[in-house]
Amino acid sequence: MPHHPNLDPEMAAALAADPPPPTLLDGLPYEELAALRAERAAAATAPPAEDVEVTDHHLPGPAPLRVRTYRPRAAGSRALPCLVWMHGGGMVLGSPEMDDARVSAYALGADCAVVSVDYRPAPEHPWPAPVEDCYRALRWAADEAEPLGLDPGRLAVGGISAGGGLAAATALLARDSGGPSPVFQFLLCPMLDDRNTTASSREFTEAVTWPRANNLYGWAALLGPLAGSEEVSPYAAPARAKDLSGLPPAYVDVGELEVFRDECARYALRLIEAGVSTEFHLWPGAFHGFDGVLPHLTLPRRAAREQVAVLRRALGATPPAAGAGRAGGTPP
């Protein structure tokens, strides 16, 4: 287990006692990804909160697309703001189920609905398939707002890791295509830049959860030989966008000890320079996905509280009742 001198001491002790199983993608043949996905899907994950109603929908269209909706049971038929959410997994792994507990906490704590997108993974479905799926889900949420009990004027996009990059790309695509206009971008440690040339990208060849080699693998799976070239679209790698003006307000966070640190910091600054109201949070001593790996510790709990507060403020929700937002081991 890599032990960086800046690693949060409480998390370092927990990792030393019970290290998470590594996900090492470097050199993994693409044909073996399906087995790895199945293994991940079979692994135990925290269930959604009992106070949240969960429904799977299969969207009509030329390509199959499943979305999973989450809605606080106490909301009844009231029209709720909605977070259109994209899971992580480096563009090659993951599913909505892996975030059941996380997005349940958002739904309860921020008094909102969530639409989680089961986008098609690379390399079987290279760019632009994943972002097309995410944009399609955003349009579906807007078009079906009334039967779904959503407020179409309060739709946000968000995601973590690869999903954070897809959320940023979806916001760009919505701006440029005249589609539904999200009111907020909720970007948690987003995967934004295929070039992998920043200092942090080069530094973390060894990492707790997501080393440089994994990142290179994910981008290569998504983009093939285009990865790192000048031909990459900003709808694939949002850091490539020349113009960030006109995008919705944003929250960007990232850990100090991860490959995405510098690209996230630069993207947040560029949003601000473009006139986009942006909050940026660098979590000291934190590694990629720390709040999901060690949810009960002090710093992850603080991050979870912050995420709920950010969403509540952005979506115009009233403060939650005592205990709201506690779901599946991700306390507020």
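Worth saying up front: this structure is predicted, and the values here are computed from it rather than measured.

Enquirer: Where do I start with the packing of aromatic side chains in this structure?
Expert: Working definition: an aromatic ring pair is given by the centre-to-centre distance plus the angle between the planes. A full pass over the atoms with the stated rule returns six aromatic pairs. Seen from their ring centres, Tyr 30 and Tyr 217 are 5.5 Å apart, and the 80 degrees between their planes marks the pair as edge-to-face. Remark: Tyr 217 occurs in helix α8 (residues 212-223) and Tyr 30 occurs in the loop between α1 (9-17) and α2 (33-42); sequence separation between them is 187 residues. Ring pairing ties together the aromatic residues Trp 85, Tyr 106, Phe 186 and Tyr 251, which thus form one cluster.

Enquirer: In this structure, what is going on with the nonpolar core? I would like to understand it.
Expert: Grouped burial of nonpolar side chains is what soluble globular proteins tend to show. Grouped together as the largest cluster of nonpolar side chains are 106 residues, with contacts concentrated most on Val 84, Trp 85, Tyr 106, Phe 186 and Tyr 267. The element contributing the most residues to this core is helix α6 (residues 162-177), with nine residues. Beyond its immediate chain neighbours, meaning those up to four positions away, Phe 186 contacts Leu 83, Trp 85, Tyr 106, Val 157, Gly 158, Gly 159, Tyr 251, Gln 307, Val 310 and Leu 311.

Enquirer: Sorry, what's going on with the side chain of Arg 240 here?
Expert: Of note, Arg 240 is situated in the loop between α8 and β7 (250-257). A polar side-chain atom of Arg 240 sits 2.9 Å from a polar atom in the side chain of Asp 194. Leave out the neighbours within four places in its chain, and Arg 240 touches Asp 194, Arg 195, Gly 228, Ser 229, Glu 230, Val 232 and Pro 234.

Enquirer: Just to check I follow, could you spell out the pattern of salt bridges for this structure?
Expert: Opposite charge on two side chains permits them to pair, given that their charged atoms come into close proximity. Tallied over the entire structure, the rule returns 18 salt bridges. One salt bridge in this structure joins Arg 68 and Asp 56, with 2.8 Å as the shortest N-O distance. Taken together, the residues span a long stretch of sequence, with Arg 68 in strand β2 (residues 65-72) and Asp 56 in strand β1 (residues 52-59) at a distance of 12 residues. We classify Arg 68 as buried; its relative accessible area is 13%. By relative accessible area, Asp 56 is classed as partly exposed at 34%. Across the salt bridge formed by Asp 111 and Arg 78, the nearest N and O atoms sit 3.1 Å from each other.

Enquirer: Can you help me understand the sheet that holds strand β6 (residues 184-188) in this one?
Expert: Strand pairing within a sheet occurs via backbone hydrogen bonds; the two strands may be parallel or antiparallel. Pairing within the open sheet is mixed, and its eight strands lie in the order β1-β2-β4-β3-β5-β6-β7-β8. Pairing within the sheet leaves two strands with one partner each, and these edge strands are β1 and β8 (278-287). Averaged over all pairs of adjacent strands, the angle between strand axes in this sheet comes to 20 degrees, irrespective of strand direction. Bridge count between β6 and β7: four bridges; the pairing is parallel. When the sheet's bridge partners are listed, Leu 188 is paired in β7 with Asp 253. Against the sheet, helix α3 (residues 100-109) touches β1, β2, β3 (80-86), β4 (113-118), β5 (150-160) and β6, its axis set at about 45 degrees to β2.

Enquirer: What exactly am I supposed to notice about the environment of Ala 236 here?
Expert: By the element assignment, Ala 236 lies in the loop between α8 and β7. Taking the relative accessible area as the measure of exposure, Ala 236 reaches 5% and is therefore buried. The spacing of Ala 236 and Asp 291 is 55 residues in sequence and 26 Å in space, taken between C-alpha atoms. Ignoring any residue separated from it by four or fewer positions in sequence, one finds Ala 236 in contact with Trp 127, Trp 219, Leu 222 and Leu 223.

So, how was this worked out
- Residues numbered from 1 in each chain as written.
- Predicted model: local features only at pLDDT ≥ 70, side-chain atom pairs only at ≥ 80, totals over all residues.
- Heavy atoms only, no water.
- Phe/Tyr/Trp six-rings, centres within 6.5 Å; stacked < 30°, edge-to-face > 60°.
- Helix = DSSP H or I, 4+ residues; strand = E, 2+ residues; numbered from the N terminus.
- Core = buried A, V, L, I, M, F, W, Y, C linked by side-chain atoms within 4.5 Å.
- Buried < 20%, exposed > 50% of the residue type's maximum accessible area, 1.4 Å probe, protein only.
- Contact = heavy atoms within 4.5 Å.
- Polar contact = N/O pair within 3.5 Å; in protein donor to acceptor, adjacent residues only side chain to side chain.
- Salt bridge = Lys/Arg side-chain N within 4 Å of Asp/Glu carboxyl O.
- Pairing = 2+ DSSP bridges.
- Axes fitted to C-alpha atoms, helices over the stretch in contact; angles between N-to-C directions.

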